[in-house]
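Spelled out from the first residue to the last, the chains are:
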Amino acid sequence: MSIKIGFIGAGRVGTALAVKLKEVGYSVVGVSSRSEESIRRFLKYVEGAKGFKNPEALLEEVELIFVTVPDDAIREVVASLPWEKGQKVVHASGALSLDVLEGARKRGAEVGSFHPCQAFATIDQAINNIPGSVFGIEASSEELRTLLERMALDLGGSYVFVPPEGKVFYHASAVFASNYLVALVGVALKLLDFIGIGKEEGTKLLLPLIWGTVNNIQNIGLPTCLTGPIARGDITVIKKHLEALRERDPQVFKLYASLGLQTIPIALGKGTLSEERAKVLKELFEKALNS
């Protein structure tokens, strides 16, 4: 692509996007960051790019700017810069809509968002995870929307359009699917630690189960992929879980009950849990939460 691209912010997301865009033929001109160390790291990853201490200088050399600073800083950074008509300004936040780019839009720039719905723990891992990702897209113009669609496809991914009023639910959904999955694995490891199985051994124990569950979600989908005592309506086992957790860890006891309530409709949808047993389980979990 002939469009010249720059990045303001040189963290995990910005660096990974720059690397992959350059790999598929986009012209990544340079990066600006308050951190000279971040600029040096970015330039090691993106051969041929230039570092700009002053973002205004970067704006003069590019047509599209990705603002990949922390979410809380996007509005202030964008409002401080001298945008011009015809420039394109895009953020990569999953939680924020286009209103944080209003400072650029008022000056005539086209604005958009391009959020890779992916877990980026490190730069190298982020680079590896981008292909195949789905990108949440918003755009103020048809031209920019078309460009972002093409970028998503060129990066080996796909895209969905996220309406402004839906951004908070889009991002909360990602938090549940990714961040809280990590938290739940942490809880599972804590329970194994109660019986003397340490983190390393516990992780080896649980990973095949986690991968198997993910594969089932992918291959047979909800609700069919649900397994376990709620899917079976195994009230005796669930009572034992609740009793043990109440004694050992009241917070996890409440979490177990809360997630149990969310699991009942899935089990009913699968057809393996009867209405009668679902009612008993619902009463058990609600009693636990109210205790």
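A brief report on the enclosed structure follows. As the structure is a computational prediction, the values presented were derived from the model and not from experiment.

## Section: the overall build of the protein chain
Next, step 1: Across its full length, the protein chain carries 13 helices and eight strands.
Next, step 2: Seen through its C-alpha atoms, the protein chain measures out along the principal axes to roughly 70 × 40 × 35 Å.
Next, step 3: Within the protein chain, the proportion of its 291 residues that are buried is 41%.
Next, step 4: Within the structure as shown, the protein chain displays about 15,800 Å² of accessible surface, and the carbon and sulfur contribution to it stands at 55%.

## Description of unusual backbone geometry
Next, step 1: Here Leu222 and Pro223 are connected by a cis peptide whose omega angle stands at 0 degrees.
Next, step 2: By secondary structure assignment, the location of Pro223 is in the loop between helix H9 (199-219) and helix H10 (229-232).

## Re the nonpolar core
Next, step 1: Membership of the largest hydrophobic core comes to 34 residues, with the highest contact counts inside it found for Ile5, Phe7, Leu21, Phe42, Phe66, Phe114 and Met151.
Next, step 2: Elements supplying a minimum of two residues to this core: strand E1 (4-8), helix H1 (12-23), strand E2 (27-32), helix H2 (36-45), strand E4 (64-67), helix H6 (123-129), strand E7 (134-139) and helix H7 (142-154).
Next, step 3: Discounting residues that sit within four places of it in the chain, Phe114 has contacts with Leu17, Phe66, Val90, His91, Ala92, Phe135, Gly136, Ile137, Leu148, Met151, Ala152 and Leu155.
Next, step 4: Listed in part, the 21 residues of the second largest apolar core include Leu58, Ile74, Leu81 and Val89.

## A word on the pairing of strand E8 (residues 158-161)
Next, step 1: Taken together, the four bridges between E7 and E8 define a ladder with parallel strand orientation. In the sheet register, Ile137 faces E8, and the bridge partner there is Phe161.
Next, step 2: The β-α-β motif built from E7, the intervening H7 and the parallel element E8 has right-handed crossover chirality.

## As for the sheet that holds strand E3 (residues 50-52)
Next, step 1: The strand order across the open sheet formed by eight strands is E3-E2-E1-E4-E5-E6-E7-E8, and the pairing between neighbours is mixed. The open sheet has two edge strands with one neighbour each: E3 and E8. Neighbour-to-neighbour, the strand axes of this sheet turn through a mean angle of 25 degrees, independent of strand direction.
Next, step 2: For E1 and E2, the ladder comprises five bridges, and the chain directions are parallel.

## Section: the environment of Leu242
Next, step 1: One can find Leu242 in helix H11 (residues 235-248).
Next, step 2: Considered as a pair, Leu242 and Phe285 are 43 residues apart in the sequence and their alpha carbons are 8.7 Å apart.
Next, step 3: Excluding its chain neighbours within four sequence positions, the residues that come into contact with Leu242 are Phe253, Tyr256, Ala257, Leu284, Phe285 and Ala288.

## Quick word on the packing of H11 against helix H12 (residues 250-270)
Next, step 1: In the contact formed by H11 and H12, the axes pass within 6 Å of each other and the chain directions differ by 150 degrees. Between H11 and H12, the angle is such that the two are roughly antiparallel. Counted together, Ile238, His241, Leu242, Leu245, Arg246 and Arg248 of H11 and Pro250, Val252, Phe253, Tyr256 and Ala257 of H12 form the full contact between these two elements.
Next, step 2: In terms of residue class, the contact of H11 with H12 is built from eight nonpolar, one polar and two charged.

Thresholds applied
- Residues numbered from 1 in each chain as written.
- Predicted model: local features only at pLDDT ≥ 70, side-chain atom pairs only at ≥ 80, totals over all residues.
- Heavy atoms only, no water.
- Helix = DSSP H or I, 4+ residues; strand = E, 2+ residues; numbered from the N terminus.
- Buried < 20%, exposed > 50% of the residue type's maximum accessible area, 1.4 Å probe, protein only.
- Areas by Shrake-Rupley, 256 points an atom, 1.4 Å probe, with all protein chains shown as cover.
- Core = buried A, V, L, I, M, F, W, Y, C linked by side-chain atoms within 4.5 Å.
- Contact = heavy atoms within 4.5 Å.
- Pairing = 2+ DSSP bridges.
- Right-handed = clockwise from strand over helix to strand, strands pointing away.
- Axes fitted to C-alpha atoms, helices over the stretch in contact; angles between N-to-C directions.
- Parallel < 35°, antiparallel > 145°, perpendicular 65-115°, else oblique.
- Nonpolar A, V, L, I, M, F, W, Y, C, P; charged D, E, K, R; others polar.

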